[in-house]
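What follows is each chain in one-letter form.
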Amino acid sequence: MLCQHCKKNTAIINYVEKVNGNKFESHLCALCYADLFGELNNKANNDIWAGLFGSSSREKKVCPVCGTAYDDFERTGLLGCTSCYDVFKEELVPSILRIQGKVEHVGKVGKNTDALGLHRRLKTLQEQLEEALRKKRFAEADRLNRQINSIKKTLRGDKKDG
């Protein structure tokens, strides 16, 4: 739905007001709302939003590796490092699911010869091994176990195979 004021941007705020028993609705974009009613980020509105959607005194999560706070992510949309994904997982997963439909990478992957790629491959193989053992597919489990051992040797730096 387009903003009823500027008729250009998408309306993201539905403003409803009752005056003398009459109901008035406005569907506005953030810019027009800010122009007409003031900024959303002022202290009074923040207190109102906090009261409606939870306490504003919630514990602030901070990544111990890079020092990025979750508030920084909310403001900029950027995480500081790969550890942020683990630290803020609880908050990020619902958004990632809504946007992408999945939380696992399914796209193209290179040869995975770097250490990070090998660790990812190792994790996948270990999950497949557990599944094969649960379903008593021992031949498949043996093959997967050999692949896992090979990757572990590569990660340790062992040169010979066997």
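Scroll up a little and you will see the structure.
Let me begin by describing the structure that accompanies this report. What you see is a predicted model; the values in this text were computed from it and never measured. (Residues numbered from 1 in each chain as written. Predicted model: local features only at pLDDT ≥ 70, side-chain atom pairs only at ≥ 80, totals over all residues. Heavy atoms only, no water.)

Let's shift gears to the state of the cysteines. Applying the stated criterion across every chain, the model contains zero disulfides. The thiol of Cys63 is not disulfide-bonded; the next cysteine sulfur, from Cys81, is found 3.7 Å away. Free cysteine: Cys84, not disulfide-bonded; nearest cysteine sulfur from Cys66 at 3.5 Å. (Disulfide = S-S within 2.5 Å.)

Within the element layout of this structure, His27 appears in strand β2 (residues 22–28). In this structure His27 comes out as buried when scored by relative accessible area, which is 13%. (Helix = DSSP H or I, 4+ residues; strand = E, 2+ residues; numbered from the N terminus. Buried < 20%, exposed > 50% of the residue type's maximum accessible area, 1.4 Å probe, protein only.)

Let us look at unusual backbone geometry. Even without being a glycine, Lys7 presents a positive backbone phi close to 55 degrees. Counting through the fold element by element, Lys7 comes out in the segment before β1 (13–19). The residue Lys136 is not glycine, and still its phi comes out positive at about 60 degrees. Assignment of secondary structure puts Lys136 in the loop between α6 (115–134) and α7 (138–156).

What follows concerns the packing of α6 against α7. The relative placement of two packed helices comes down to the angle between their axes together with the axis-to-axis distance. Orientation of α6 relative to α7, taken along the N-to-C sense of each, is 160 degrees, at an axis distance of 9 Å. One way to sum up the angle between α6 and α7 is to call them roughly antiparallel. Crossing geometry of α6 relative to α7 is assigned as left-handed. Contacts from Ala115, Leu118, His119, Arg121, Leu122, Leu125, Gln126, Gln128, Leu129, Ala132 and Leu133 in α6 reach Phe138, Glu140, Ala141, Leu144, Asn145, Gln147, Ile148, Ile151, Lys152, Thr154 and Leu155 in α7. Taken together, the residues of the contact of α6 with α7 sort by class into 13 nonpolar, six polar and three charged. (Axes fitted to C-alpha atoms, helices over the stretch in contact; angles between N-to-C directions. Parallel < 35°, antiparallel > 145°, perpendicular 65-115°, else oblique. Left-handed = near helix turned anticlockwise from the far one by under 90°. Contact = heavy atoms within 4.5 Å. Nonpolar A, V, L, I, M, F, W, Y, C, P; charged D, E, K, R; others polar.)

On to the pattern of salt bridges, then. Opposite charge on two side chains makes pairing possible when the charged atoms of those side chains draw close. Inspection of every chain in the model, using the stated rule, returns seven salt bridges. Here Asp72 and Arg75 are joined by a salt bridge, their closest N and O atoms 2.8 Å apart. Highlighted residues: Asp72 and Arg75, both in helix α3 (residues 70–76), separated by three residues, approximately one helical turn. Its salt-bridge partner being Asp142, residue Arg146 comes within 2.9 Å of it at the nearest N-O pair. (Salt bridge = Lys/Arg side-chain N within 4 Å of Asp/Glu carboxyl O.)

Remark: the centre distance and the inter-plane angle together describe each pair of aromatic rings, the angle taken between the planes. Enumeration over the complete set of coordinates arrives at two aromatic pairs. Aromatic side chains Tyr70 and Phe73 sit 5.6 Å apart centroid to centroid with 40 degrees between the ring planes, which places their arrangement in the tilted category. With Tyr70 and Phe73 both in helix α3 and three residues apart, this pair spans about one turn of that helix. Comparing Tyr70 with Phe73 shows no difference in burial state: the two are buried. On the numbers, 5.5 Å between centres and 55 degrees between planes, the contact of Tyr70 with Phe88 is tilted. (Phe/Tyr/Trp six-rings, centres within 6.5 Å; stacked < 30°, edge-to-face > 60°.)

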